[in-house]
Amino acid sequence: MRTKSVFFRPTLALPTLALLAACGTPPVGPMQPSSRPPTEARKPASPPPPPPEDFRKAAPAPDREVAFTPPKIQESTLPNGIRVLLVERHDLPVIAVEISTDRGADQAAPGVGGFVGALLTQGTKKRSSLDFSDAMGRIGARFESRVSFDGGVVSGQALAQNFGELFELLAEAYTRPAFAKADVDRERSRRLTTLAQMNDSPGSLLGVAVVRTLYPEKHPYAAPLIGTEAALKKLTAADLTAFHTASFQPDHTTIAIAGDIGKDQVLREVERVLGTWKGKARPAKEPEAPPADAAGPKVVIFDRPGLTQSSVAVALPGVTRANPDYEAVLVMNGLLGGQFTSRLNLNLREKHAYTYGARSFFDMRHGPGPFTAGGAIVAESTGPAVKEIYAEIRRLREEPVTLDELEATKDNLVGQLPARFESVDATASTLTGLAMYHLPLDEYATRAAKLRSVTIEDLQRVARKYLDPERTRLVLVADAAKVQSQLEPLALGKISVQSPTGGAATPAGAPGAKAAPASAAASSAPAPRAPGAGPVPPTLAPKTPPTPPGKAPPPPPPPVKAPPVKAPRSP
């Protein structure tokens, strides 16, 4: 008996067919023979001919330099004194808003201003912290608040169609914060924890040590923005309310807006929300420079036994943002230590391998903030590194810089200007800076020309005027037993060894000296920095092994990554 072979045709389940149909994909059936002739095997592509040898003889010419033109800034003032600055950008349907005052933490006791900045968006007289956050979430907004030494800001970003709701919420936080007891207690606990973490971070300790060394005890800059443990423990909601009432008033308020919106709509909403707000801010007292001949040791070592690196800062009171030499100081600092190719970095990092990075920074505020130059240095090389820092400062004062160095530094600074307006939030922040430091609206339209006009003579003049080695203080957070003997031959002045918490420390190696806790000696990654703790120090590096004679130093191992920190920048 002959049997027939039966071929079963596969079928698809009904749910699968429905899914394929919904996706627009036809079900799989039996394969049909192709009507197209078989394709020939592809031949490998021939490599392109090599470029002529003339191509290698010269580098490609640079692109044509694009002139930077800042956007148009529209200005209006309400009858109650509120100033409105607007930059229209209609490329994307988004908007950024900042409401700011030019009264900052320098007008209050230590810790008060920064505390207020943290709580402005943590509950209002109308909404709890969670209710405020939920209201912002419903319109898809990002928001934050902060108070620096120079002013306070409440800011947010959202879709332009939600401008009215966004602005109403930000204005509510700016004018009517609650400072509820539960919120104050929670923020106090968080800040005290941050201070404790700073004690395990040599970089954070250095920032505190610098301002404590440079400024008298009662000076507004003598404590970090976060305050001190004693100040935070006694701070009350009444202190926060008093500072807010004195500083957040319409006659010193600026509303900076950038995004997809027109002037008429902006003014209509601002009038609706804040048009009836009345008040006068308390007159500000500008922080003064400390005496040029301030008493005290020239070298201060905050002793942390066991550290394998020294956090070093050559420091002195700097200049104000309103200084007429602003552009010349920017160029001078850029050449000294304000960029990766600066003299300090090329010397200490590239030439000598003392550090992963050396920097200098002028913290320009309403008053003369600190200038610092230094970095995290291998402990055994602390003395030579300090010697090189002072040598670079003296060289800048005594020898004219080269034209190539000057032009490269100016090109770098001019090239950074477009970033001030690269997004709506960057643009709004730039407008806030103009208001906070009382700058003209054409500041960025004229800054490139001002930077270009700085001469070699200008650079040497401001170096001699603002970088006097005799006025500096050398501040270190380091193992005193390792570094003190290295510093003494430099003859920089009296050396004082102190504990990080204040007062004299027991000399390392002396009877009764205590070893550092294991966590302090072993940890090299900085804890999160508190706001206002000073310029961001370079990442701490492990100990560098000695280099055999006649050989170049080995490249350093990868640095330990620290938490990201928003670096300050001058407006």
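Residues numbered from 1 in each chain as written. Predicted model: local features only at pLDDT ≥ 70, side-chain atom pairs only at ≥ 80, totals over all residues. Heavy atoms only, no water.

## Observations concerning the sheet that holds strand E12 (residues 495–498)
Across the sheet, 6 strands lie side by side as E9-E10-E8-E11-E7-E12; this open sheet has mixed pairing. Here the strands that pair on one side only, and so sit at the sheet edges, are strand E9 (355–362) and E12. On average, each strand axis in the sheet is inclined to that of its neighbour by 15°, with strand direction left out of account. Sheet analysis places E9 next to strand E10 (residues 370–378), joined by 6 bridges and oriented antiparallel. If you follow Phe 361 over to E10, its bridge partner there is Thr 372. Sitting on the sheet, helix H10 (residues 326–338) is in contact with E9 and E10, with an inclination near 165° to E9. Sheet strands in contact with helix H17 (residues 480–487) are strand E7 (299–303), strand E8 (309–317), strand E11 (473–478) and E12, and its direction is about 165° off that of E7. (Pairing = 2+ DSSP bridges. Helix = DSSP H or I, 4+ residues; strand = E, 2+ residues; numbered from the N terminus. Axes fitted to C-alpha atoms, helices over the stretch in contact; angles between N-to-C directions. Contact = heavy atoms within 4.5 Å.)

## Thoughts on the pattern of salt bridges
As enumerated under the stated definition, the model contains 25 salt bridges in all. Measuring nitrogen to oxygen at the nearest pair gives 3.0 Å for the salt bridge that ties Glu 392 to Arg 395. In this pair, Glu 392 and Arg 395 both sit in helix H12 (residues 382–398), 3 residues apart, roughly one turn of the helix. Classification of Glu 392 as buried rests on a relative accessible area of 7%. Where Lys 410 meets Glu 407, a salt bridge forms, and the shortest distance between an N and an O atom there is 3.3 Å. Of this pair, Lys 410 and Glu 407 both sit in helix H13 (residues 403–415), 3 residues apart, which is roughly one turn of the helix. Using a relative accessible area of 31% as the deciding quantity, one classes Glu 407 as partly exposed. (Salt bridge = Lys/Arg side-chain N within 4 Å of Asp/Glu carboxyl O. Buried < 20%, exposed > 50% of the residue type's maximum accessible area, 1.4 Å probe, protein only.)

## Examining helix H15 (residues 443–452)
By the burial criterion, the buried members of H15 are Glu 443, Tyr 444, Arg 447 and Leu 451. What you see down the axis of H15 is that its buried residues fit within an arc of 75°, all on one side. The secondary structure elements touched by the buried residues of H15 are H10, H13 and helix H14 (424–436). (Arc of directions from axis to C-beta.)

## Some details on the environment of Ala 284
Structurally, Ala 284 is set in the loop between helix H9 (263–274) and E7. Once residues within four sequence positions are removed from consideration, Ala 284 is found in contact with Arg 103 and Gln 107.

## A closer look at the sheet that holds strand E2 (residues 83–88)
The strand order across the open sheet built from 6 strands is E1-E2-E6-E3-E5-E4, with neighbouring strands paired in mixed fashion. Two strands lie at the open edges of the sheet, namely strand E1 (74–77) and strand E4 (142–147), each paired on one side alone. Sheet twist, expressed as the mean angle between neighbouring strand axes with direction ignored, is 15°. Judged from the 7 bridges that link them, strand E3 (residues 94–101) and strand E6 (residues 253–259) form a sheet pairing that is antiparallel. In the strand pairing of E6, Ala 96 is matched with Ala 258.

## Focus: the confidence of the model for the protein
Model confidence for the protein is summarised by a mean pLDDT of 84, while 79% of its residues fall at 70 or above. Within the model, pLDDT remains below 50 along residues 1–31, and this stretch shows 8 contacts once partners closer than five positions in the same chain are excluded. (pLDDT = per-residue confidence, 0-100.)

## A few points about the packing of H13 against H15
Between H13 and H15, whose axes approach to 9 Å, the crossing angle comes to 170°. Between H13 and H15, the angle falls in the class roughly antiparallel. On the side of H13, the interface is formed by Glu 407, Lys 410, Asp 411, Leu 413 and Val 414, while H15 contributes Ala 448, Leu 451 and Arg 452. Taken together, the residues that form the contact of H13 with H15 break down as 4 nonpolar, no polar and 4 charged. (Parallel < 35°, antiparallel > 145°, perpendicular 65-115°, else oblique. Nonpolar A, V, L, I, M, F, W, Y, C, P; charged D, E, K, R; others polar.)

## Description of the side chain of Thr 472
Within the secondary structure, Thr 472 is located in the loop between helix H16 (456–466) and E11. Judged by relative accessible area, which is 3%, Thr 472 ranks as buried. Engagement of the side chain of Thr 472 in a polar contact is seen with the backbone oxygen of Pro 469, the distance being 2.7 Å. For Thr 472, the contacting residues outside a window of four places in its chain are Lys 298, Val 314, Ala 315, Leu 316 and Tyr 390. (Polar contact = N/O pair within 3.5 Å; in protein donor to acceptor, adjacent residues only side chain to side chain.)

## Regarding the packing of helix H11 (residues 343–351) against H12
Between H11 and H12, the least distance of the axes is 10 Å, while the angle of their chain directions is 150°. Relative to H12, H11 is oriented roughly antiparallel. When you trace H11 past H12, the crossing you get is right-handed. Facing Arg 343, Leu 344, Asn 347 and Leu 348 of H11, the residues of H12 in contact are Ala 385, Glu 388, Ile 389, Glu 392, Arg 395 and Leu 396. Residues of the contact of H11 with H12, tallied by class, amount to 5 nonpolar, 1 polar and 4 charged. (Left-handed = near helix turned anticlockwise from the far one by under 90°.)

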